[in-house]
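Inside the fold
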Amino acid sequence: MIIQHKYCIIFMCFAILQIICAIQAFKSEKPIGRFTGILNLAIMTPIIANIVIIESKSPVLSYFGYYLSYIGMTMIMLALTFFTERYCMGVDENRAHTRPYFIHVMATVDIVQISLGPLFNHVINLEKTELDGRVFYRDLPRIGLTFHRIVDYVIYGAVLLIFIISIVRTTKLYRQKYIIIFITMILAGASQFAFIRSRIPIDRSIIVHGLFGLVVFYFSILYRPLRLLDAMLSYVVSDMNDAVFVFDNSNKCVWVNDQGYSLLDMDEHKLSRVTDRLFNKFTNITDKGEHWSENRVVDDRYYILEKKAVKTDNKNLDGTFLVIKDDTKRHKDIEREIYNSTHDILTGLYNMEHLYANVENIVHASDEVLNIIFINVKNFKLVKDTFGKDFADVVLIRIANWLKANIKNGVYGRLIGDTFGVCIPKKDFDEDLFLEEMGNFVVKNRNIEHKINIHIGVYEITDTEMDVSVMFDRAHLAITDIEENYKTVIRYYNDELRKTIMEEQRLATDLINAIDVDNIRPYLQPIADKDGKVVGAEALARWMHPDLGFLQPNRFIPVFEKNGMITDLDRHIWKDACRILARWKDTNPDMFISVNISPKDFYFVDVLEEITGLVKEYDIDPKKLRIEITETAMMTDSEEKMAIFNKLRKSGFIVEMDDFGSGYSSLNLLKDMPVDVLKLDMHFLSDENNKRSDTIIRNIINLSNELNIITLTEGVETEEQYYLLKEMGCSLFQGYYFAKPMTVEDFEASYP
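In this report, we go over the structure that sits alongside the text.

Reading the values: the criteria
Residues numbered from 1 in each chain as written. Predicted model: local features only at pLDDT ≥ 70, side-chain atom pairs only at ≥ 80, totals over all residues. Heavy atoms only, no water. Helix = DSSP H or I, 4+ residues; strand = E, 2+ residues; numbered from the N terminus. Rg over C-alpha atoms; globule rule 2.2 N^0.38 Å. Buried < 20%, exposed > 50% of the residue type's maximum accessible area, 1.4 Å probe, protein only. Contact = heavy atoms within 4.5 Å. Areas by Shrake-Rupley, 256 points an atom, 1.4 Å probe, with all protein chains shown as cover. Lys, Arg positive; Asp, Glu negative; His and termini not counted. Charge placed at Lys NZ, Arg CZ, Asp CG, Glu CD. 1 Å grid on protein atoms, 1.4 Å probe; cavity = no way out; pocket = protein on both sides within 12 Å on 5 of 7 lines; lining within 4 Å. Points joined across faces, edges and corners; volume = space filled by probe spheres on them. Nonpolar A, V, L, I, M, F, W, Y, C, P; charged D, E, K, R; others polar. Axes fitted to C-alpha atoms, helices over the stretch in contact; angles between N-to-C directions. Parallel < 35°, antiparallel > 145°, perpendicular 65-115°, else oblique. Arc of directions from axis to C-beta. Patch = residues over 30% accessible without salt bridge, like charges linked within 9 Å, V, L, I, M, F, W, Y side chains within 5 Å. Salt bridge = Lys/Arg side-chain N within 4 Å of Asp/Glu carboxyl O. Pairing = 2+ DSSP bridges. Phe/Tyr/Trp six-rings, centres within 6.5 Å; stacked < 30°, edge-to-face > 60°. Lys NZ or Arg CZ within 6 Å of the ring centre and 35° of its normal. Core = buried A, V, L, I, M, F, W, Y, C linked by side-chain atoms within 4.5 Å. Left-handed = near helix turned anticlockwise from the far one by under 90°.

**Here we look at the overall build of the protein**
Each helix and strand counted, the protein has 27 helices and 23 strands in total. Compactness check: the protein gives a C-alpha radius of gyration of 55 Å against a globular reference of 27 Å for 752 residues, more than 25% above the reference. By the burial criterion, 47% of the 752 residues in the protein qualify as buried. Sequence separation of 24 or more characterises 61% of the internal contacts of the protein that already satisfy a separation of 6 or more. By element, 54% of the accessible surface of the protein is carried by carbon and sulfur atoms, the whole surface being about 39400 Å². In the protein, 85 side chains carry a positive charge and 105 a negative one; their mean positions are 15 Å apart.

**Structural notes on empty space enclosed by the protein**
Summed over all chains, the structure comprises 1 cavity of 30 Å³ or more. Of the pockets and cavities examined, the largest cavity occupies roughly 390 Å³. Lining the largest cavity are 30 residues, and of these M73, Q192, I196, D203 and H209 sit closest to its centre. Every element with two or more residues in the lining of the largest cavity is listed here: α2 (33-55), α3 (59-87), β2 (134-141), α6 (143-169), α7 (172-198) and α8 (205-222). Tallying contributions element by element places α3 first for the lining of the largest cavity, with 7 residues. Residue classes in the lining of the largest cavity are distributed as 20 nonpolar, 6 polar and 4 charged.

**Points about the packing of helix α14 (residues 380-387) against helix α15 (residues 389-406)**
Interaxial distance between α14 and α15 falls to 6 Å at its minimum, and their mutual angle equals 135 degrees. Judged by the angle between their axes, α14 and α15 are oblique. Where α14 approaches α15, its residues F380, V383, K384 and F387 are matched on the opposing element by K389, F391, A392, V395 and L396.

**Quick word on helix α17 (residues 468-477)**
Turning to α17, its buried residues are V468, M471, F472, R474 and A475. Buried residues of α17 fall within an arc of 155 degrees about the axis and therefore sit on the same side. Its buried side turned inward, α17 meets α13 (352-365), β8 (370-377), β10 (419-425), β13 (454-460) and α18 (495-516).

**Some points on a nonpolar patch on the surface**
On the surface, V112, L116, L119 and F120 cluster together into a nonpolar patch covering about 420 Å² of accessible area. Position of L119 relative to the elements: it lies in helix α5 (residues 117-120). Of the residues examined, L119 reaches a relative accessible area of 68% and is grouped as exposed.

**Details of the pairing of β2**
Alignment of strand β1 (residues 124-131) against β2, held across 8 bridges, turns out to be antiparallel. Each bridged residue has a counterpart across the sheet, and for E127 the counterpart in β2 is R138.

**Some words on the pattern of salt bridges**
Within the structure shown, the criterion is met by 29 salt bridges. As a salt-bridge pair, D299 and K281 come within 3.8 Å of each other at their nearest N and O atoms. Of this pair, D299 sits in the loop between β5 (292-298) and β6 (301-311) while K281 sits in helix α11 (residues 274-281), and the two are 18 residues apart along the sequence. The class of D299 is exposed, set by a relative accessible area of 62%.

**Considerations on the sheet that holds β8**
On the basis of which strands lie adjacent, the open sheet formed by 5 strands has the order β9-β10-β8-β13-β14 and mixed pairing. Only two strands of the sheet have a single partner each, and these edge strands are β9 (411-414) and β14 (489-492). Across the sheet, the axes of successive neighbouring strands diverge by a mean angle of 15 degrees, strand direction being ignored. Across 4 bridges, the pairing between β9 and β10 is antiparallel. Across the sheet, residue R414 finds its bridge partner in β10, namely F420. α15 contacts β8, β9, β10 and β13 of the sheet and is inclined by roughly 5 degrees relative to β10. Its contacts with the sheet place α17 against β8, β10 and β13, and it is angled at close to 55 degrees to β8.

**With respect to the packing of aromatic side chains**
Aromatic ring pairs are reported here in terms of the distance separating the ring centres and the angle at which the planes meet. Applying the stated criterion across every chain yields a total of 31 aromatic pairs. On the numbers, 6.1 Å between centres and 50 degrees between planes, the contact of F556 with F560 is tilted. Of the two residues, F556 and F560 both sit in helix α19 (residues 553-563), 4 residues apart, roughly one turn of that helix. Just as F556 is buried, F560 falls in that class too. An aromatic cluster is present here, built from Y722, Y723, F733, Y737 and F738 joined pairwise through their rings. In this structure, K307 packs its charged tip against the face of F247, placed 5.4 Å from the ring centre. K740 extends its terminal NZ or CZ atom over the ring of Y736, reaching a point 5.2 Å from the ring centre.

**Some remarks on unusual backbone geometry**
If you check the backbone angles, D300 has positive phi at about 65 degrees while not being a glycine. With respect to the helices, strands and loops of the structure, D300 is situated in the loop between β5 and β6. Residue D300 is classed as exposed on the basis of its relative accessible area of 65%. The backbone of N708 sits at a positive phi, close to 60 degrees, despite the residue not being glycine. Inspection of the secondary structure puts N708 in the loop between α25 (690-706) and β22 (710-714).

**Comments concerning a negative patch on the surface**
A contiguous patch of negative charge, built from D430, D432, E436 and E437, is present on the exposed surface. Relative to the helices and strands, E437 resides in helix α16 (residues 431-438).

**Here's the deal with the side chain of E628**
Positionally, E628 belongs in strand β19 (residues 625-630). Setting aside residues up to four positions removed in sequence, E628 forms contacts with E538, S594, V595, N596, I597, E656, D658 and K679.

**Some words on the layout of surface pockets**
In this structure, the second largest pocket spans a volume of roughly 760 Å³. Lining the second largest pocket are 32 residues, with E538, L540, P553, N596 and D658 positioned closest to its centre. Put simply, the parts of the chain that give the lining of the second largest pocket at least two residues each are β16 (534-545), α19, α20 (566-587), β18 (592-597), β19 and β20 (655-660). Sort the elements by how many residues they give to the lining of the second largest pocket and β16 lands first, with 5 residues. Of the residues that constitute the lining of the second largest pocket, the class distribution is 14 nonpolar, 8 polar and 10 charged.

**So, the nonpolar core**
By size, the foremost hydrophobic cluster in this structure holds 71 residues, and its most contacted members are F560, I593, L625 and F747. The dominant element in this core, judged by the number of residues it contributes, is α20, at 9 residues. Once residues within four sequence positions are removed from consideration, F747 is found in contact with L524, P526, V534, G536, A537, W584, M591 and M742. C88, I124, F182 and I202 belong to the second largest nonpolar core, which has 61 residues in total.

**Observations regarding the packing of α2 against α3**
Viewed as axis vectors pointing N to C, α2 and α3 meet at an angle of 165 degrees, and their least axial separation amounts to 8 Å. What the angle tells us is that α2 and α3 run roughly antiparallel. The chirality of how α2 crosses α3 is left-handed. By residue class, the composition of the contact of α2 with α3 is 20 nonpolar, 7 polar and 1 charged.

Listed below in C-alpha cells is the structure:
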C-alpha cells in the first residue's frame with residue numbers, strides 16, 4: 001500500500017471520530033456540549049481537505065483541497081475561540097471578561113480573502129512533484145497564505161494566553177484538564193509549524209489536530225477528575241468526626257480513618273488488626289445485609305452504625321463502608337434535659353410536676369392504703385435571712401438526703417420553696433422515725449449550727465379519683481393550725497379539720513357582704529379612770545351572722561389574721577369608730593375610742609394615711625381616736641413601725657401598746673417606744689404567787705409613771721383588783737368589773 005493511501009485511511013478514521021464526538025457533544029446536556037461539537041466539526045474540515053489533497057490527481061482538485069484546508073484551519077481557530085470563552089468562563093469569578101470581537105473580525109476577513117483566492121490568485125500556487133511514484137501537487141505560499149497563517153497564529157496565541165491564565169487561577173481539582181488541553185494545543189501548533197517549515201508533502205500535523213479534537217471532547221464532555229476526587233474525598237473522610245471503615249467484598253477492612261483507629265483504641269495504625277478489633281467491639285455487623293442502620297450501646301456509650309454497599313454497573317458487590325458515629329453527647333444532653341425537666345436542680349429530688357405524675361400513677365395502680373405527707377420547714381425565711389442563702393440551701397439538701405435514705409417504698413420530691421412531698425404506703429409510714437429524727441434535725445455547715453423546726457401533715461388517701469394537688473393541699477391543711485408551734489409535730493388531716501377549714505372559707509367569703517350590710521359592727525367596752533368614771537371605750541368587732549348567729553371574736557379574728565382579710569375588718573371598725581366620735585362631739589365630747597391595728601395591716605395598707613384620712617373625713621380630734629398595737633407587733637420591723645407611730649403622735653394621736661407583759665419585751669425598751677399608754681395584761685395578777693405578781697405590776701406602773709406613760713390595766717374583774725391597781729398608781733381600768741363589751745346603743749344609753 002502506497003503512503004498516500006495509508007495516510008488517507010488514518011485521516012478518514014480521525015474524521016469519523018470527529019463526527020462521532022460532535023454528535024455526542026451535541027447530545028450532551030452540558031452547556032459546553034454545543035461548542036465542543038462545533039469545534040469537532042471544524043477540526044474535521046481540514047482532515048477531509050487533506051484527504052482530498054492526498055488522493056487528488058488534478059491541480060483543480062488539489063486547489064480545492066488546499067483552500068478548504070485553509071478555511072478549515074481558520075474555522076478551527078474561530079470555533080476554538082468560542083469554546084475557550086465558554087470553557088474557561090468559570091475561572092473568572094466576576095465574569096468581567098469581554099467577548100473577543102477583534103478575533104471574530106480577523107477570522108471573517110481571513111475566510112473572505114481565502115475564498116477570493118481562486119479569483120485573484122494571491123493565496124497559493126501549485127507545484128507538481130512526485131510522492132511514492134505518484135503525482136502530488138504541493139502548495140507554494142503567496143501573500144494571502146502568509147496573511148492567513150499570521151491570523152491563525154494570532155488567534156492561537158490569544159487562546160493559549162487564556163488557557164495559561166485559567167491554569168493559574170483555577171483550583172487544583174480542575175487544573176489538570178486545563179494543562180492537558182494546553183499541552184495538546186501546543187503540540188498541534190508546534191506540529192503545524194514544523195510541517196510549514198519542513199515542506200513535507202503530506203501534512204502529518206493533521207493527526208495531532210485530530211488527537212486535539214478527541215482530547216477536547218474527553219475533557220469537556222466525559223472527564224471526571226476521579227483521582228483528585230478520590231484524594232479529596234479521602235481527605236474529607238479522614239477529617240470527619242465519625243469513624244469510617246471501608247471493606248472489600250470479602251469483608252476485609254482495606255481503609256480506616258484516624259477516628260476509626262481512635263474508636264478502637266489503636267495507637268498503632270495497623271490495618272491488619274482493625275477487622276478483629278472492630279468485630280470484637282461491635283458484634284453482628286457482617287450478616288445484617290448490605291444496607292442497614294441501627295443504634296448500639298457499648299461500654300456505656302451510644303453509637304449510630306450505618307453500613308452501605310458499593311456496586312458496579314453490573315450490580316456486582318465491590319465492597320462496603322461502615323460509618324460509626326459516637327452519639328453519646330447528644331444522648332447525655334437529652335438525658336440531662338429530661339432529668340432537669342423532672343427533677344429539682346438543688347436537691348436532685350423529683351420536682352412538683354413529676355412527683356404529682358408519679359403519685360397519680362401509684363394511686364391508680366396500687367391496692368394499698370397510701371399516705372400523702374407534706375413536710376414544711378418552719379420559719380425558713382428567717383433561717384435564710386439570718387444565716388444566708390448558702391446555709392438555707394444546705395438545709396434543703398440535708399432534708400432531701402434524709403428522704404433518700406429513709407423512704408424506701410415510696411416516692412418523694414420537692415414541692416415549692418421549703419416544702420417537700422411524699423407518697424408512701426400507710427403500713428410503711430414510721431411516725432416515730434419522723435418525729436425522732438426530724439424532731440432533732442440539726443444542720444451544721446462550716447461554723448454554723450442550727451436546729452431546724454419541721455411540721456409534717458399527713459393525709460390518708462380515701463378518694464383515688466381526687467386530684468393529686470388536692471391531696472397535698474389536704475396534707476398541708478393538717479398543719480395550718482400549728483404555725484406558731486416551735487416543735488416538730490405530725491398532724492393528720494380529718495373530717496373535723498375539713499369542717500373547720502370549710503367554715504373558715506365560708507367566713508372569708510361572707511366577710512365583704514357582712515361589712516356592706518353592717519352585720520359586723522363595733523361593740524364598745526368601757527374604760528374607767530381612778531374614780532371609776534367611764535372616760536372612753538375600746539371598739540371590739542362582733543359579727544351577727546345571719547346563719548351562724550352571734551360570733552365571738554375568736555371564731556373569725558384568727559381566720560382573718562391568717563388569710564390577710566383582717567385589714568378589711570379593721571378598716572371597717574376604724575371607720576365606724578370615727579362615725580361614733582363624730583356623733584359624740586355634741587353628746588360625749590370628752591369620750592375617746594381605742595381601735596386595734598393588726599400587724600398585717602402594715603403590709604396591705606398605708607396605716608398612717610388611712611387613719612389620718614378618716615380623722616379628716618369625719619372632722620374629729622385625733623386624740624379621741626386612740627391607736628392600739630400589740631407588743632409582739634411592735635417587736636417586728638420595729639424601726640419602720642416606730643417611725644409610723646412617731647408620725648401618728650406628731651399628728652395628735654395617742655398610741656397605746658396592748659398586752660404589755662404577754663410577750664418578751666424588755667422594760668428597757670420602754671424608753672425608746674413611741675407610746676403614750678401601756679396596757680397591762682392581767683395574767684400577772686392571776687398567778688398563785690400574788691406577792692411576786694404584785695411586785696412586777698407595781699414596778700411596771702412606777703416605771704411607766706417615771707416615763708410619763710399612762711398605764712391601763714385590762715381584764716379587771718373584781719373590786720379587790722381595782723383597788724389594788726389604783727393603790728399601785730394605775731390610771732385607767734378595763735374589764736368585767738366595770739362592764740362587758742356592749743352595743744353602741746347600750747353604751748350611749750348607759751353613759752350619756
